[in-house]
Number of protein chains: 2
Amino acid sequence: MMKPWFGAPGFTSALVLRIFQCLCAAASIAVMASSSGFSTATSFCYLIAAMGLEVLWSLGLACLDIHALWVKKDLHSQILLSLVVVGDWVTAILALAASSSSAGVMILFVRDSELCNSEPILSCSMYQISIALAFGAWFWLAISSHTVLWLLASLS
Amino acid sequence: MMKPWFGAPGFTSALVLRIFQCLCAAASIAVMASSSGFSTATSFCYLIAAMGLEVLWSLGLACLDIHALWVKKDLHSQILLSLVVVGDWVTAILALAASSSSAGVMILFVRDSELCNSEPILSCSMYQISIALAFGAWFWLAISSHTVLWLLASLS
C-alpha cells in the first residue's frame, strides 16, 4: 500500500476534488442553460459541451474513488494512472479553452461593444456567473491532473 | 551527468522546442499587430500581451540552453527545474487562455454575427493566421512544460 498522497486516485482528498469538479461544472451548465439567448454565441454552447464532458468524467472517477475507499483497494497501477492522466489532461485543456473563449466573448459583449446594455435579451450577469463557475471547475480539475501526473512520474 | 532526456533543459531537443515557441509566438504578434482594427476586441490585445510574455520567456530559456550546451553544464538542479516548471505552466496557461478567447471572438465574428463580411475594416484572415500561430506556440510550450514537470517528479 502506498503512503497517503494528496489527490491520488483512491484517497478521500481525490474524492473531494472530484466532487468539487462535478458541482462547479454542473452549476455552470445549469446557469448557462437557463439563461436566455445563450445560443447567440457558439462559445457558450461549447462551454456547455465541455462542462458536460467534465461532469461525466469527474462523476465516473468519483464513483471509482468511492469504490476503492469502500473495498480498500489500491488503485495505483501504471495503466490505470496513465488512463486517468490522459483523460484529466484532455478534459482540463477543453475546459480551460471553453472558459477562456466564453470569457473573450463576454468581454467583447460588455466592454468592447456594449451589446449587454443595448440587447435586453442577453442575460449577461447569468453568463458571467456561469463562466466563473467554469473557471472554478477547470481549477479543481487542474489540481487533480497535476497531482496524478506527478504520482505517475514518481512511480515510473 | 544525467542521461539525455527529450526536452529537458540543457539538451538540444529543449533548445529546438524553445526556438519553435519563440518563432510561433513572434510570428503571431507580427501578424496580429500588422492587421488593421485588431484593437476592436480586448482578446486580440491580450493575445499580443500573452505571446509577448512567451517570446521573452522562451528566448531567455533558449539562451540558458545555449549556454549549458556551450560549457557542457548540467542544469538539472531541483531549484532551477522548479523555477522553469512554474514559469512554463504560468506562460502555457496564459497562452492557451489568450488563444482560446481570441478564437471565441473570431468564431463570433465569422459564424455568429457575420461581422467579417459587413465590416471591411476587420482583416479576419489575418486574425485567423495569428490565432493559429498562437495555438502552435502554446502546443510547443505545453510539450516543454510536461517534460520538465515529468523530469522534476522523477528526480524528487
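Scroll up a little and you will see the structure.
Residues numbered from 1 in each chain as written. Chains lettered and ligands numbered in written order. Predicted model: local features only at pLDDT ≥ 70, side-chain atom pairs only at ≥ 80, totals over all residues. Heavy atoms only, no water.

### What to know about the pattern of salt bridges
Residues and elements named next belong to chain B.
Next up, step 1: For the coordinates displayed, the defined rule picks out two salt bridges over all chains.
Next up, step 2: For the salt bridge of Asp88 with Arg18, the shortest nitrogen-to-oxygen distance reads 3.1 Å. Taken as a pair, Asp88 in helix α3 (residues 78-112) and Arg18 in helix α1 (residues 12-34) lie far apart in primary sequence, 70 residues in all. As far as the burial class goes, Asp88 and Arg18 line up, both buried. (Salt bridge = Lys/Arg side-chain N within 4 Å of Asp/Glu carboxyl O. Helix = DSSP H or I, 4+ residues; strand = E, 2+ residues; numbered from the N terminus. Buried < 20%, exposed > 50% of the residue type's maximum accessible area, 1.4 Å probe, protein only.)

### Observations concerning a nonpolar patch on the surface
All names here are of chain A.
Next up, step 1: Together, Tyr46, Leu53, Val86, Val90 and Leu94 line one region of the surface with nonpolar side chains, adding up to about 380 Å² of accessible area.
Next up, step 2: If you list the elements that add at least two residues to the nonpolar patch, you get α2 (42-71) and α3 (78-112).
Next up, step 3: It is α3 that contributes the most residues to the nonpolar patch, three residues altogether.
Next up, step 4: Looking at where Tyr46 falls in the secondary structure, it is placed in helix α2.
Next up, step 5: The partly exposed category is assigned to Tyr46, whose relative accessible area is 31%. (Patch = residues over 30% accessible without salt bridge, like charges linked within 9 Å, V, L, I, M, F, W, Y side chains within 5 Å. Areas by Shrake-Rupley, 256 points an atom, 1.4 Å probe, with all protein chains shown as cover.)

### Comments concerning the nonpolar core
Next up, step 1: Counting 58 residues, the largest nonpolar core has A:Phe44, B:Phe44, B:Met106 and B:Phe109 as the members making the most contacts within it.
Next up, step 2: At the level of elements, α1 (12-34), α2, α3 and α5 (124-155) of chain A together with α1, α2 (42-71), α3 and α5 (124-155) of chain B are the ones that each hand at least two residues to this core.
Next up, step 3: With residues up to four places along the chain from it excluded, the contact list for B:Phe109 reads A:Leu108, B:Phe44, B:Glu114, B:Leu115, B:Cys116 and B:Leu122.
Next up, step 4: Counting 22 residues, the second-largest nonpolar core is a separate cluster that includes A:Ala8, A:Trp89, A:Leu151 and B:Val148. (Core = buried A, V, L, I, M, F, W, Y, C linked by side-chain atoms within 4.5 Å. Contact = heavy atoms within 4.5 Å.)

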